[in-house]
Protein chains: 2
Amino acid sequence: MTDKHLWTVIMAGGLGSRFWPVSRTDNPKQFIDVTGVGRSMLQLTFERFTHICPKQNIVIVTGKQYADRVREQLPDLLPYQVLAEPLRRNTAPCIAYAAAVIGKIDPGATLIVSPADHAIFHREKFKADMEQAVQTVAEHDWIITLGAQPTRPDTSYGYIQFDDKPSLPGADNLHKVVTFTEKPPVEMARQFINSGEFFWNAGILVCQLPVLRDAFRKHLPLLADAFFNLGITTPWEELERVYSQCEAVSVDNGIMEKADNVHVLAASFGWSDVETWDSLYDVYRHDQNGNAVVCGNVFSYGSHDNLVFVQDGKNVILEGLDGYIVAAGADTFMICRRRNEDMVFRFSSDVELKKLIDKK
Amino acid sequence: MTDKHLWTVIMAGGLGSRFWPVSRTDNPKQFIDVTGVGRSMLQLTFERFTHICPKQNIVIVTGKQYADRVREQLPDLLPYQVLAEPLRRNTAPCIAYAAAVIGKIDPGATLIVSPADHAIFHREKFKADMEQAVQTVAEHDWIITLGAQPTRPDTSYGYIQFDDKPSLPGADNLHKVVTFTEKPPVEMARQFINSGEFFWNAGILVCQLPVLRDAFRKHLPLLADAFFNLGITTPWEELERVYSQCEAVSVDNGIMEKADNVHVLAASFGWSDVETWDSLYDVYRHDQNGNAVVCGNVFSYGSHDNLVFVQDGKNVILEGLDGYIVAAGADTFMICRRRNEDMVFRFSSDVELKKLIDKK
């Protein structure tokens, strides 16, 4: 039986811009079936948490332009379960808003905060880790963040340095956090990994709601004042006022780096933020030729190590192609070497620029 | 002013199977805007001949399944201008059928017979060549075929060997035909070209209708009997009977190789049968990186020598791709090295096979 005081906040406001041309500003990654299983990242995330807390305790925070999309993909939600943000203000305001609303409904809530668009493997292990974290914060006024074992010096991830000594006797998967480092240079990332003292930041938090509120009051007092006085429902104009006046800051920068009660739980589950095409390639199953076919009816001839993402059941013929991303969005087809996927930003801006020029 | 006794027969019954996945059995090459100009090959061919003979003297012969498509693309045709064949029986029956119908309307007609799906460049030169041929057959009981200057030992073309001596004094672009050779091995094709005695067979004929009828009577008497007794309109059942009983034979094999009054006019216009992706690449304009973009809103980064054919105004991102065909049909996207386009047959049969398996 799940704890009726356990709540989950799913942050679903991202733009997923590196996943172009499949993700677009009007259809970001969390709403896409990125892993080719027939359900979007948001739907998968929601479903994962229905095994951990009551369904009606799952709250989705998203941008106002995506609120309808959330309700489309998760049609049975109650009104308070979809919170629309008037402006993008990074994760701290997003979490404060959700915590404020949940606090009005259930002041003694325990919170799990999770991104909507990360891939989680081994969901039983995920559930067990969540249960351990929830159990721990029931007994300690801590904020627990989840850390994933780093496997390569990825420069797009956040890194968490942890204290060598376990936080609790007998729990050697739980350590006090020493530092947070967002997106380090590759040399630094390499040193982090070699030191054995770092996890990747999986972006998942677990804590008692009052502990979180106290942390906001201490480290982001203006934000705390603005948000924790809101009711269960807030007139849209007032919410716009609050968001337009509040600081845009991540919970990692604003709270986690400063608070001294942050501990990291080593995730036993597999994790990827699937923030890039190549990270999807890494986590996806490969056929005997190293091709990762997420979607697309692929016919491959002498082709290796490609990532294919072509929706709508289209046939894809690959002949003599090695190491490419082959991806199709609504109006764009992309063939790009996997090692050059950093150019995706340039592609998307070039396409947008051309649209503007064509309009004139 | 165009001669009211000049008629054109456009043969539009091909399957264009090498142009997959853009051309399909239900949408063959002649109905496609292969050259990216906004009009199909058939429309371009029709338009080209409206400058040469009266519009109402242009007759299209096509398969019964394509007759509606012809009327869609050329909406102003009179009933006798679209002749539907019940069965595919190669070019000799097709030409006999059209000649029979035209002969009933205009027994003294001069005929031009042309494929619907070849690319012609320099249309003024094309018109001048047609005028010379028409003028010549008005004075001589000859069948004139058009020959294109070969530029490479292409093994998919037909070759016409011609007599060194001009057919007429002062007309050194007109020679008596010595032999026809269809699709020679590459070594033979090379020898043909080196000899300087061969043209490519452009598949265009010009002659007086009675001369053509006499040639049918002499060389394909059964076909002549079956077709030249038909009226302007023939009940469908009778046409089915005629076609089901008639021999399937090309006009080159059945008539041209045997007749001794066949002359070849050296085309001064540019010609390609555009029968393969690579032949389209050859004739199409290349950008400074050697990319031939027939259609598709291409954004190219470090990519060279590709042929792109992606319809419906879609964006196509090419990054680090050299020497490929990038083509999209309704339900299939193909990336294939240009030098391996012979595999297209295998791709299409593999896709069809998979469809059959999936249905079961």
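This text gives an overview of the structure that appears in the document.

What counts and how
- Residues numbered from 1 in each chain as written.
- Chains lettered and ligands numbered in written order.
- Predicted model: local features only at pLDDT ≥ 70, side-chain atom pairs only at ≥ 80, totals over all residues.
- Heavy atoms only, no water.
- Salt bridge = Lys/Arg side-chain N within 4 Å of Asp/Glu carboxyl O.
- Helix = DSSP H or I, 4+ residues; strand = E, 2+ residues; numbered from the N terminus.
- Buried < 20%, exposed > 50% of the residue type's maximum accessible area, 1.4 Å probe, protein only.
- Patch = residues over 30% accessible without salt bridge, like charges linked within 9 Å, V, L, I, M, F, W, Y side chains within 5 Å.
- Areas by Shrake-Rupley, 256 points an atom, 1.4 Å probe, with all protein chains shown as cover.
- Core = buried A, V, L, I, M, F, W, Y, C linked by side-chain atoms within 4.5 Å.
- Contact = heavy atoms within 4.5 Å.
- Least-squares fit on C-alpha atoms with pLDDT ≥ 70 in both.
- Pairing = 2+ DSSP bridges.
- Axes fitted to C-alpha atoms, helices over the stretch in contact; angles between N-to-C directions.
- Buried area = accessible area lost by both parts, 1.4 Å probe.

### Thoughts on the pattern of salt bridges
Residues and elements named next belong to chain A.
Part 1: Inspection of every chain in the model, using the stated rule, returns 32 salt bridges over all chains.
Part 2: A salt bridge links Glu72 to Arg69, with the nearest nitrogen and oxygen atoms 3.6 Å apart. Taken together, the positions of Glu72 and Arg69, both in helix α2 (residues 67-73) and 3 residues apart, correspond to about one turn of that helix.
Part 3: Note that Lys183 is salt-bridged to Glu182, the shortest N-O span being 3.4 Å.
Part 4: Here Lys183 falls in the partly exposed class, since its relative accessible area comes to 49%.

### Quick notes on a nonpolar patch on the surface
Part 1: Side chains of Leu353, Leu356 and Ile357 of chain A sit close together on the surface and give an oily, nonpolar patch of about 310 Å² of accessible area.
Part 2: You can see Leu353 of chain A is positioned in helix α11 (residues 344-359).

### A word on the nonpolar core
Part 1: Core analysis: the biggest nonpolar cluster contains 51 residues, and Tyr97, Ile143, Phe216 and Phe227 of chain B have the highest contact counts within it.
Part 2: When residues of this core are assigned to their parent elements, the largest contribution, 10 residues, is made by helix α3 (residues 91-105) of chain B.
Part 3: For Tyr97 of chain B, the residues in contact, after removing those within four places along its chain, are Val61, Leu83, Ala84, Glu85, Phe227, Leu230, Leu239 and Tyr243 of chain B.
Part 4: Membership of the second largest hydrophobic core comes to 50 residues, among which are Ala98, Leu111, Leu223 and Ala224 of chain A.

### Regarding the relation of the copies chain A and chain B
Part 1: At an RMSD of 0.1 Å, chain A and chain B line up after a rotation of 179° and a shift of 0.1 Å along the axis. Put plainly, the chains are arranged around a two-fold axis.
Part 2: Comparing contact sets, 100% of the residues at the interface of chain A also lie at the interface in chain B, consistent with an isologous, same-surface contact.

### Examining the sheet that holds strand β12 (residues 292-295) of chain B
Part 1: If you walk across this open sheet you meet the 6 strands as β13(A)-β15(A)-β17(B)-β16(B)-β14(B)-β12(B), and the pairing is mixed. Edge positions in the open sheet fall to β13 (297-301) of chain A together with β12 of chain B, since each of these has one partner strand only. In this sheet, adjacent strand axes meet at a mean angle of 10° when their direction is disregarded.
Part 2: Of the pairings in the sheet, the one linking strand β14 (residues 307-310) of chain B to strand β16 (residues 324-328) of chain B comprises 4 bridges and is parallel in character. From the neighbouring strand, Val310 of chain B faces β16 of chain B, where its bridge partner is Ala328 of chain B.

### Side note on the side chain of Thr136 of chain B
Residues and elements named next belong to chain B.
Part 1: Mapped onto the secondary structure, Thr136 falls in helix α4 (residues 123-139).
Part 2: A relative accessible area of 7% places Thr136 in the buried class.
Part 3: With residues near it in sequence (within four places) discarded, Thr136 still touches Trp142, Ile144, Leu168 and Leu174.

### Quick look at the interface of chain A and chain B
Part 1: Of the residues lining the interface, 29 residues belong to chain A; the matching set on chain B comes to 29 residues.
Part 2: Regarding the contact of chain A and chain B, the summed buried area is about 2700 Å², with carbon and sulfur atoms giving 58% of it.
Part 3: Our count for the contact surface shared by chain A and chain B stands at 2 salt bridges.
Part 4: Of the charged contacts, one joins Glu319 of chain B and Arg337 of chain A as a salt bridge, the two residues approaching to 2.7 Å between their closest N and O atoms.
Part 5: Among the elements of the structure, β13, β15 (315-319), β16 (324-328), β17 (332-337) and α11 of chain A are those that each provide at least two residues to the side of chain A that touches chain B.
Part 6: Considering each element in turn, the side of chain A that touches chain B owes the most residues, 6 residues, to β17 of chain A.

These figures capture arrangement, not role.
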